[in-house]
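Chain and residue survey
Below, each chain spelled out in residue letters.
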Amino acid sequence: NAGVTQTPKFRILKIGQSMTLQCAQDMNHNYMYWYRQDPGMGLKLIYYSVGAGITDKGEVPNGYNVSRSTTEDFPLRLELAAPSQTSVYFCASSYGGHGGYEQYFGPGTRLTVT
Amino acid sequence: AQSVTQPDIHITVSEGASLELRCNYSYGATPYLFWYVQSPGQGLQLLLKYFSGDTLVQGIKGFEAEFKRSQSSFNLRKPSVHWSDAAEYFCAVGAGNQFYFGTGTSLTVIP
């Protein structure tokens, strides 16, 4: 199993550009999550999904969009990139929700907006 | 509201010394508690978790943690630190469909 994969690993965007961060998992997990990690701030939840076709906002959703058309894939869309979106983005998945299941993390995407 | 506090931003220990990383949480019900480790440039890896039962839980790489309800704490310990333990450590609480992470403790190990 590849686990959770993310592409790209690094990306530099200009202000106002858009991009999609890709995330895929091959563990047949129902739950998937997007986090951003800023220095000294820990991880903040952006969006999560409890299954194909179902998504919900996390703590910091503004400026982002998600979709979940399949169990495996959970892309994160940035529209009109801003410097405040410079961060490291992690995708994660878990078998179940309710906080009681281990989350498996991808290697991250480092995004810089200039 | 749920929250996780890791009071120590950075800790330095000598190789072979013992280690304790502090974690305090705020949650109204019995929490699901986790410790994750993040090596430089990597994603997070689960060290251990507490759901219920025995309050002392064992994890990978020789780590253990103790849940103390009266203190709302879930401190991580290791009796003898190895140089390879240098990393960032995150405590997290699972609540509802979400996780809440602390801000992390960076561990430096000196020879």
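The structure displayed is predicted, hence computed values, not measured ones.

Regarding the overall build of chain A
When you go through chain A residue by residue, the secondary structure sums to zero helices and eleven strands. Ordering the α and β elements of chain A from the N terminus gives β-β-β-β-β-β-β-β-β-β-β. Its C-alpha atoms give chain A a radius of gyration of 13 Å, within 12% of the compact-globule value 13 Å for 114 residues. In terms of principal-axis extent, the alpha carbons of chain A reach across some 35 × 30 × 25 Å. Looking at chain A as a whole, 49% of its 114 residues qualify as buried.

Observations concerning the nonpolar core
All names here are of chain B. In this structure, Leu19, Trp35, Leu47, Leu48, Phe74, Leu76 and Tyr89 are the most contacted members of the largest nonpolar core, which totals 28 residues. Elements represented by at least two residues in this core include exactly β2 (10–14), β3 (19–21), β5 (32–38), β6 (44–50), β8 (64–68), β9 (73–78), β10 (87–95) and β12 (105–110). Among the elements that make up this core, the one with the highest residue count is β10 (five residues).

As for the side chain of B:Asn75
Residue and element names in this part refer to chain B. As for its position among the elements, Asn75 is in strand β9. Side chain to side chain, Asn75 and Glu20 meet in a polar contact 3.3 Å long. Reaching out from Asn75, the side chain makes a polar contact with the backbone nitrogen of Cys23 at a distance of 2.9 Å. Here Asn75 is in contact with Glu20, Leu21, Arg22, Cys23, Trp35, Glu64, Ala65 and Glu66, once residues within four sequence places are set aside.

Digging into the sheet that holds strand β1 (residues 4–7) of chain A
Residue and element names in this part refer to chain A. One open sheet accounts for four strands, arranged β1-β3-β8-β7; its pairing is antiparallel. Looking at the sheet topology across the chains shown, the edges are occupied by β1 and β7 (64–66). Each neighbouring strand pair of the sheet contributes to a mean axis angle of 20°, computed without reference to strand direction.

Considerations on the state of the cysteines
Throughout the structure, instances matching the rule amount to two disulfides over all chains. In this model, A:Cys23 is linked to A:Cys91 through a disulfide, with the two sulfur atoms separated by 1.8 Å. The S-S bond linking A:Cys23 to A:Cys91 shows a torsion near -70°; that makes this disulfide left-handed. You can see A:Cys23 sitting in strand β3 (residues 19–25) and its partner A:Cys91 sitting in strand β9 (residues 87–94), a full 68 residues away along the chain. The class for A:Cys23 is buried, based on a relative accessible area of 2%. For A:Cys91, a relative accessible area of 0% puts it in the buried group. Across a sulfur-sulfur distance of 1.9 Å, B:Cys23 and B:Cys91 are joined as a disulfide pair. Between B:Cys23 and B:Cys91, the disulfide has an S-S torsion of -65° and is therefore left-handed. A residue pair is termed long-range when its members are at least 10 positions apart, and B:Cys23 in the loop between β3 and β4 (24–26) and B:Cys91 in strand β10 qualify at 68 residues. What makes B:Cys23 buried here is its relative accessible area of 0%.

Structural notes on the environment of A:Ser87
Residue and element names in this part refer to chain A. Within the fold, Ser87 resides in strand β9. The buried category is assigned to Ser87, whose relative accessible area is 5%. Here Ser87 is in contact with Arg36, Gln37, Asp38, Thr109, Arg110 and Leu111, once residues within four sequence places are set aside. At a separation of 2.9 Å, a polar atom in the side chain of Ser87 contacts the main-chain carbonyl oxygen of Gln37. Only 2.8 Å separates the side chain of Ser87 from the side chain of Asp38, close enough to count as a polar contact.

Describing the interface of chain A and chain B
Counting residues at the interface gives 24 residues for chain A and 20 residues for chain B. Across the chain A to chain B interface the summed buried area is about 1700 Å²; carbon plus sulfur atoms make up 55%. In this assembly, chain A and chain B are joined by zero salt bridges. At the boundary of chain A with chain B, the tally comes to two residue pairs in polar contact (both at pLDDT 80 or more). Sorting the residues of the side of chain A that touches chain B by element identifies β4 (31–38) and β5 (42–51) of chain A as the ones contributing at least two each. In terms of residue count, the dominant contributor to the side of chain A that touches chain B is β5(A) (five residues). Within the side of chain A that touches chain B, the residues separate by chemical class into twelve nonpolar, ten polar and two charged.

The rules behind each value
- Residues numbered from 1 in each chain as written.
- Chains lettered and ligands numbered in written order.
- Predicted model: local features only at pLDDT ≥ 70, side-chain atom pairs only at ≥ 80, totals over all residues.
- Heavy atoms only, no water.
- Helix = DSSP H or I, 4+ residues; strand = E, 2+ residues; numbered from the N terminus.
- Rg over C-alpha atoms; globule rule 2.2 N^0.38 Å.
- Buried < 20%, exposed > 50% of the residue type's maximum accessible area, 1.4 Å probe, protein only.
- Core = buried A, V, L, I, M, F, W, Y, C linked by side-chain atoms within 4.5 Å.
- Polar contact = N/O pair within 3.5 Å; in protein donor to acceptor, adjacent residues only side chain to side chain.
- Contact = heavy atoms within 4.5 Å.
- Pairing = 2+ DSSP bridges.
- Axes fitted to C-alpha atoms, helices over the stretch in contact; angles between N-to-C directions.
- Disulfide = S-S within 2.5 Å.
- Buried area = accessible area lost by both parts, 1.4 Å probe.
- Salt bridge = Lys/Arg side-chain N within 4 Å of Asp/Glu carboxyl O.
- Nonpolar A, V, L, I, M, F, W, Y, C, P; charged D, E, K, R; others polar.

Coordinates in, geometry out; function isn't part of it.
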